[in-house]
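A closer look at the structure
Each chain, written out:
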Amino acid sequence: MTAVQQFTLSGVAHPKDAMHMLDEMCEHFIEHAEVQRSPDLALFKSRFGTASIRKQEEKLLIDLNCPSEIALQMTRTSIAEHMFYFAGEDPFELSWAEPVSAALLPNIHEVTVTAAENVTPHMRRVKFACADVTPFIGGDMHVRILVPPKGRQPIWPGYREDGRVAWPEGEDELLVRVYTIRAVDAERQELWIDFLQHPLPGTKTPGADFARDCRPGDRLALLGPGGGSLPAMDHILMVGDESALPAIARIAAEVPAGTRIQAIIEVEDAGEEQRLPTAGSMDIRWLHRSNYGAEARGVLAEAAKAAVESIGGQAFVWVACEKEDVRSVRAFLKSRKHDPKAMYVAWYWERNAATQS
Ligand SMILES: Cc1cc2nc3c(=O)[nH]c(=O)nc-3n(C[C@H](O)[C@H](O)[C@H](O)COP(=O)(O)OP(=O)(O)OC[C@H]3O[C@@H](n4cnc5c(N)ncnc54)[C@H](O)[C@@H]3O)c2cc1C
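All values derive from a computational prediction rather than experimental measurement. (Residues numbered from 1 in each chain as written. Predicted model: local features only at pLDDT ≥ 70, side-chain atom pairs only at ≥ 80, totals over all residues.)

Details of the overall build of the protein
Stated formally: The numbering of helices and of strands both runs from the N terminus, where a helix is a DSSP run of H or I of at least 4 residues and a strand a run of E of at least 2. What the globule rule says is 2.2 Å times the number of residues to the power 0.38, and the radius of gyration is computed from C-alpha atoms. Each residue is classed by its C-beta neighbour count within 10 Å, where at least 20 other C-beta atoms makes it buried, 12 or fewer makes it exposed, and intermediate counts make it partly exposed; the C-beta atoms are placed from backbone geometry.
Across its full length, the protein holds 7 helices and 20 strands. The globule rule puts the C-alpha radius of gyration for 357 residues at 21 Å, and the 21 Å found for the protein is close to it. Each of the three principal axes of the protein carries a C-alpha extent, and together these read 60 × 55 × 50 Å. The proportion of buried residues among the 357 residues of the protein is 33%.

In structure tokens:
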């Protein structure tokens, strides 16, 4: 029998409150991995490998065990980024047993804009040529777009010594936003992303503006894919607004025949509805924001809760929209003890969020 090679790495973290950080990590990763917890130990298992984090006095001892070098690097980065995030303003140190090479991130793909067109008045589709679209077929659907400043030679990110991503700064700072790969055209080696145009008077919307202004030949990079793939159940309830419409459309397009999909999708008005072809059966209810006004709150969340009640616990519940709505639906699912493995509940944008570059 051939032994399967494993890639391992250990690290030590020094947080201000080790138990609190372990709790935060467990609460966060429950949505993305299988989490096993005993008082001083947490095990996180995903297809990228296993991370064990053990509290020893005020330290956290980390052991990673992954099926490939790339998976190991990605797991190390994910653990590092989350630990620094949860440390917030508190002093925090993290070191790894082997030095982190500053090489480029392994999952960066340079792409070139080939075309852009509006598919509805507020949804702009940009097509990108990519040398190898294989990593985007099946599996995870989301990417970070990395757009270099106009007129500058792009500098792509590498790693910091603590395992976090080293982002270019100053004049080389990149515009970074999360989007969904709406479709992969393997024959033409193209990727499509649908960008909602949500201009707000007096507010910068750099992600939406990139899609509005880009031209064939513009170069950028996609980091990923990651974070969320096809729900593996034959009955799926999908709830989302325009930011989630590309993901809903892609899931609908890729489910196997026989899958039953119920969808509740909030868009501005009938002009923003799209055809969503599927091999499964699809029952869509469109909600039009123009009927109740942009100031109304919670309409989509309440519709989601009513739908969850009507289907009982027997479906995969997929929800993506604004942060407050997501929090409200997540609390509702928790109160109903909905199986965490049968749900994906993620916020895709935040109302009145301070614009980052
Ligand atoms: C996993 C994932 C997948 C996503 N996929 C897509 C996708 O395929 N297509 C897509 O269009 N979006 C998608 N989004 C949402 C997208 O990342 C955000 O809308 C992002 O904030 C847009 O960046 P921006 O620079 O245009 O606006 P920002 O600079 O982030 O925000 C500027 C202002 O616009 C408001 N705002 C941001 N997004 C919206 C919105 N959707 N509706 C109304 N107001 C908004 C903010 O509250 C803020 O006031 C996805 C998000 C995630 C997490």
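Further notes follow.
A short note on the sheet that holds strand β18 (residues 281-288)
Pairing between sheet strands relies on hydrogen bonds along the backbone, with the strands arranged either parallel or antiparallel. The criterion, for reference: Two strands pair under a simple rule: DSSP has to find at least two bridges between them. Simply put, an axis is a line fit to the C-alpha atoms, just over the touching stretch for a helix, and the angle between two N-to-C directions goes from 0 to 180 degrees. What counts as a contact here is a pair of residues whose C-beta atoms, placed from the backbone, lie within 7 Å.
Pairing within the open sheet is parallel, and its 5 strands lie in the order β18-β17-β16-β19-β20. Only two strands of the sheet have a single partner each, and these edge strands are β18 and β20 (343-349). Put simply, the sheet's adjacent strands are angled 10 degrees from each other on average, direction ignored. Where strand β16 (residues 235-240) and strand β17 (residues 260-267) come together, 6 bridges link them in parallel fashion. When the sheet's bridge partners are listed, V239 is paired in β17 with I264. This element, helix α6 (residues 299-311), spans β16, β17, β18 and β19 (316-322) of the sheet and lies at about 165 degrees to β16.

With respect to the site of the ligand
The condition is simple: As used in this record, a residue near a molecule or strand is one whose C-beta atom, placed from the backbone, is within 6 Å of it. For this classification, the nonpolar set comprises Ala, Val, Leu, Ile, Met, Phe, Trp, Tyr, Cys and Pro, the charged set comprises Asp, Glu, Lys and Arg, and every other residue, Gly included, is treated as polar. Those domain boundaries reflect an automatic or database domain assignment.
Looking at the ligand, there are 25 residues lining it, with T180, L196, G207, Y348 and W349 nearest. Mapped by element, the contributors of at least two residues to the shell around the ligand are β12 (175-180), β14 (190-196), α3 (206-213) and β20. For the shell around the ligand, the leading source of residues is β12, giving 4 residues. In terms of residue class, the shell around the ligand is built from 11 nonpolar, 10 polar and 4 charged. Both domains that furnish three or more residues to the shell around the ligand are identified here as domain 2 (108-226) and domain 3 (235-349).

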